[in-house]
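# Observations on the three-dimensional arrangement
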Amino acid sequence: MDIQKIGIVGAGQMGSGIAQVCAQAGLDVVLNDISEEAVQRGIDRISASLERMVRKDKLSADEASAALARIERGVASGSLAACDFVIEGATENVQIKRDILRQLDGVLQPGAIIATNTSSVSITMLAATLANPARFIGMHFFNPVPMMELIEVIRGIQTSDITFEATVALARRIGKTAIDVRNSPGFAVNRILVPMINEAVFVLQEGIASAEGIDAGMKLGANHPIGPLALADLIGLDTVLAIMKVLYRDFNDPKYRPAALLKEMVDAGYLGRKNGRGFYTY
């Protein structure tokens, strides 16, 4: 399948990162969100990221300008009509994702592939929203997208081999490594990672060690590049909680219950780096 134009729905941290790596790989990109202001924030985030890469000599100024020029702004769903491949990157809310997928189903060409960047929602369930669920797949990027090499490619029960192969080829084209993952709550990485983060919150909640002590212990004692609580702040505490809730609900196993402190911090609006306060202050 010849993929030349990519649509990204959602211009937040993940969506803008995906748009950036696609544009850097020479693909034309439509960055779409609910308002021009939201799209502009995404463009500004991409521009700042590219400037950092230029300062670090990872990219030339001309390459950065060319990548930014490949990104088109879009607000209405019709702006995505000419895209060969669209990645939905909205918030982890099933109803919002279903609404977006219905809109995409009505405007995209029959042969266009639709992917979701969900970190935990069932691909099979979301695929059932579409008239042709065979063209739907999970494409789970990791944050920060320009730096993280991995993509989990998740098939729903309806996903066709053609859709899977085209998605893996796209991952390679944008410089990522894809792993084939079966549809299951949390998929592979987050099923392992997020309960570990949740357990670190339990250790903090019980007063066993400080946040700094927990993170230092996992960095120096387990050779992790970043501590679990600092990582939670990077991911977003609301996202961590949402994934834990999915694991707890879908496995019906108390080992996945979210820590009370995690829930309380999200209730307080302490979400991590995205708003300046989480387990640490930014």
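Sequence order as written defines the numbering, with residues in each chain counted from 1. Where local features are concerned, this predicted model is filtered to residues with pLDDT of at least 70; where side-chain atom pairs are given and counted, the filter is 80 or more; whole-chain, interface and lining totals use all residues. Hydrogens and waters are ignored; side-chain quantities use all the structure's heavy atoms.

Attention shifts here to the overall build of the protein chain. Starting at the N terminus, helices and strands are each numbered in turn, a helix being any DSSP run of H or I of at least four residues and a strand any DSSP run of E of at least two. When you go through the protein chain residue by residue, the secondary structure sums to 11 helices and 8 strands. Atoms counted for the radius of gyration: C-alpha only. Globule rule: 2.2 Å times the number of residues to the power 0.38. The C-alpha atoms of the protein chain give a radius of gyration of 19 Å, which matches the 19 Å a tight globule of 282 residues would have. Considered along the principal axes of its C-alpha atoms, the protein chain spans approximately 55 × 45 × 30 Å. Sorting the 282 residues of the protein chain into buried and exposed places 47% on the buried side. It only takes one pair of heavy atoms within 4.5 Å for two residues to be counted as in contact. A sequence separation of at least 24 residues applies to 68% of the contacts in the protein chain between residues at least 6 apart. Just so you have it, the protein chain exposes about 13100 Å², and 52% of that area is on carbon and sulfur atoms. Charged residues are defined narrowly, with Lys and Arg counted positive, Asp and Glu counted negative, and His plus the chain ends left uncounted. To locate a charge, take NZ of a lysine, CZ of an arginine, CG of an aspartate or CD of a glutamate. Both charge centroids of the protein chain, one from 28 positive and one from 31 negative side chains, sit 2 Å from each other. Any residue under 20% of the maximum accessible area for its type is buried, any over 50% is exposed, and the rest in between are partly exposed; the area is computed with a 1.4 Å probe on protein chains only. Note on areas: Shrake-Rupley with a 1.4 Å probe; residue coverage comes only from the protein chains shown.

Nonpolar side chains (Val, Leu, Ile, Met, Phe, Trp, Tyr) within 5 Å and like charges within 9 Å form the patches, drawn only from residues with over 30% relative accessible area and no salt bridge. Any Lys or Arg side-chain nitrogen found within 4 Å of a carboxyl oxygen on Asp or Glu counts as a salt bridge. Together, R52, R55, K56 and K58 give the surface a local cluster of positive charge. With respect to the helices and strands, R52 occurs in helix 2 (residues 36-55). Given a relative accessible area of 39%, R52 falls into the partly exposed group.

We now examine helix 9 (residues 228-235). Here helix 9 lies mainly inside the structure; 6 of its 8 residues are buried. If you check which residues of helix 9 are buried, you get P228, L229, A230, L231, A232 and D233. One or two residues past the end of helix 9 sits G236, with phi positive at roughly 110 degrees.

Mapped onto this structure's residue numbering, the UniProt feature "site: Important for catalytic activity" (unreviewed entry) falls at H140. Within the secondary structure, H140 is located in strand 6 (residues 136-141). Taking relative accessible area as the criterion, H140 reaches 4% and is therefore assigned buried. As used in this structure description, the phrase polar contact means that two N or O atoms lie within 3.5 Å; if the pair is within protein, one of them must be able to donate a hydrogen and the other to accept it, and residues adjacent in sequence are counted only when both atoms belong to side chains. Engagement of the side chain of H140 in a polar contact is seen with the side chain of E152, the distance being 2.8 Å. UniProt positions are given in the numbering used here, feature names are shortened, and annotations may be inferred rather than shown by experiment.

Split into domains, the protein chain comes out as domain 1 (5-182) and domain 2 (191-274). A straight line from the C-alpha centre of domain 1 to that of domain 2 covers 27 Å. Every contact between the two is made by 5 residues of domain 1 and, on the other side, 4 residues of domain 2. Accessible area that two parts lose when put together, with a 1.4 Å probe and added across both, is what the buried area reports. In this assembly, domain 1 packs against domain 2 so that about 450 Å² is buried in total across both faces, 63% of it on carbon and sulfur atoms. When the area that domain 1 buries against domain 2 is broken down by residue, the three leading residues are S119, S120 and N143, summing to 61%. Counting across the interface, domain 1 meets domain 2 through 0 salt bridges. Our count for the domain 1 to domain 2 interface comes out at 1 residue pair in polar contact (both at pLDDT 80 or more). A breakdown of the residues in the side of domain 1 that touches domain 2 according to their chemical character gives 1 nonpolar, 4 polar and no charged. Note: domain ranges come from an automatic or database domain assignment. Charged residues are taken to be Asp, Glu, Lys and Arg, nonpolar residues to be Ala, Val, Leu, Ile, Met, Phe, Trp, Tyr, Cys and Pro, and polar residues to be all remaining types, Gly included.

The next subject is the layout of surface pockets. Roughly 1300 Å³ of volume is contained in the largest pocket. The wall of the largest pocket is formed by 42 residues, among which Q13, M14, N143, I235 and T239 lie closest to the centre. Examining the composition of the lining of the largest pocket, we find that 5 residues originate from one element, helix 7 (residues 189-205), more than from any other. Partitioned by chemical class, the residues of the lining of the largest pocket number 20 nonpolar, 14 polar and 8 charged. In this structure, the lining of the largest pocket is formed jointly by two domains, domain 1 (5-182) and domain 2 (191-274), each of which donates at least three residues. Buriedness of a pocket was judged along seven lines, with at least five required to meet protein on both sides within 12 Å; pockets are open sets of points on a 1 Å grid over the protein atoms alone, cavities are sets where a 1.4 Å probe fits but cannot get out, and lining residues have an atom within 4 Å of a point. Forming the boundary of the second largest pocket are 19 residues, of which S49, R52, P144, P146 and M147 lie nearest the centre. Taken together, the elements giving at least two residues each to the lining of the second largest pocket come down to helix 1 (13-24) and helix 2. Grid points are joined across faces, edges and corners, and a volume is the space filled by probe spheres set on the points.

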